[in-house]
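# Survey of secondary and tertiary structure
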Amino acid sequence: MTRETRAHGQGREDAGLDAVLWGCCRAGTGWFWMARYTAWDGAVRRTAHGWRETRDDATRAGAAAARNLAAGTRAQVFLRHRAAEYALRVLLEESGALAAHRPAPR
């Protein structure tokens, strides 16, 4: 196996495995959690998200969602709080909530 092949993950036991990302982040006065199941080809298959009052509750909810999404699969599970921040931003942009906080163009 060449150095380049190893660098791209080919030939490894975990090459071709699906991934579950989960995390939580501050959202106003509460906490946002999310979990996302992504197939090895990059297609997002399933997602889950929600809000909780405390960080501990959000962590438990996110971890439980990640376990549920990964159940019965050969997926790797990763904790990524930045993924939760990004997912929250996308949800807020889609709902138009962020537009109210942007300054008007000059």
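For the structure itself, look to the data block above.
This section reports on the structure supplied with the text. (Residues numbered from 1 in each chain as written. Predicted model: local features only at pLDDT ≥ 70, side-chain atom pairs only at ≥ 80, totals over all residues. Heavy atoms only, no water.)

### Overview of the pairing of strand β3 (residues 44-52)
Successive residues of a regular strand alternate their side chains across the two faces of the sheet. Threshold: Two strands are said to pair when DSSP picks up at least two bridges between them. Going along the chain from the N terminus, every DSSP run of H or I of four or more residues is numbered as a helix, and every run of E of two or more is numbered as a strand.
For strand β2 (residues 30-38) and β3, the ladder comprises eight bridges, and the chain directions are antiparallel. Within β3, the residue paired with F32 across the bridge is W51. Between β2 and β3, which pair antiparallel and follow one another directly, the connecting turn spans five residues, one of which, G42, has a positive phi of 95 degrees.

### Focus on helix α3 (residues 81-95)
Quick reminder of the rule: For a helix, the expected span equals 1.5 Å multiplied by the residue count minus one. Each residue gets one of three labels from its accessible area relative to the maximum for its type: buried under 20%, exposed over 50%, partly exposed in between, using a 1.4 Å probe on protein chains only. Here the arc refers to the set of directions running from the helix axis out to each C-beta atom. It only takes one pair of heavy atoms within 4.5 Å for two residues to be counted as in contact.
End to end, α3 covers 21 Å across 15 residues, agreeing with the expected 21 Å (1.5 Å per residue, within 8%). Among the residues of α3, A83, A84, A87 and L88 are the ones counted as buried. Looking straight down α3, one finds its buried side chains confined to an arc of 135 degrees; they lie on one side. More than 90 degrees from the buried face of α3, the exposed residues found are R82 and Y86. Buried residues belonging to α3 abut β1 (18-27), β2 and β3. Phi turns positive, to about 85 degrees, at G96, one or two residues after α3.

### Side note on the nonpolar core
Worth spelling out the cut-off: Among the buried residues, those of types Ala, Val, Leu, Ile, Met, Phe, Trp, Tyr and Cys that are joined through side-chain atoms within 4.5 Å form a nonpolar core.
V20, W22, W33, A35, A58, A66 and L69 are the most contacted members of the largest nonpolar core, which has 14 residues in total. Listed by contribution, the elements that provide at least two residues to this core are β1, β2 and α2 (55-70). What W22 contacts, discounting residues up to four positions off in sequence, is M34, A35, T59, G62, A63, A66, V77, F78, L79 and R80. With nine residues, the next largest nonpolar core counts A27, M34, A83 and L88 among its residues.

### A look at the pattern of salt bridges
Filter applied, for reference: Salt bridges are defined as contacts in which a side-chain nitrogen from Lys or Arg sits within 4 Å of a carboxyl oxygen from Asp or Glu.
In the structure shown here, the tally under the stated rule is four salt bridges. Residue R60 is joined to D57 by a salt bridge in which the shortest nitrogen-to-oxygen separation is 2.7 Å. With R60 and D57 both in helix α2, this residue pair falls three residues apart, about one helical turn. Owing to a relative accessible area of 54%, R60 belongs among the exposed residues under this scheme. Relative accessible area serves as the criterion here: at 31%, D57 is assigned to the partly exposed category. A salt bridge links E85 to R82; its shortest N-O distance comes to 3.2 Å. Of the two residues, E85 and R82 are both situated in helix α3; the distance of three residues between them amounts to about one turn of the helix. On the basis of relative accessibility, which here comes to 67%, the residue R82 falls in the exposed class.

### Digging into the sheet that holds β3
The cut-off we apply is this: Only the stretch in contact is used when a helix axis is fitted, and all axes are lines through C-alpha atoms; the angle between N-to-C directions ranges over 0 to 180 degrees.
Taking strand neighbours across the sheet as the criterion, the four strands line up as β3-β2-β1-β4 in an open arrangement whose pairing is mixed. Every other strand in the sheet has two partners, leaving β3 and β4 (75-79) as the edge strands with one partner each. Shown here is a sheet whose adjacent strand axes are inclined to one another by a mean of 15 degrees, direction ignored. Across the sheet, α2 is in contact with β1, β2, β3 and β4; its angle to β2 comes to roughly 15 degrees.

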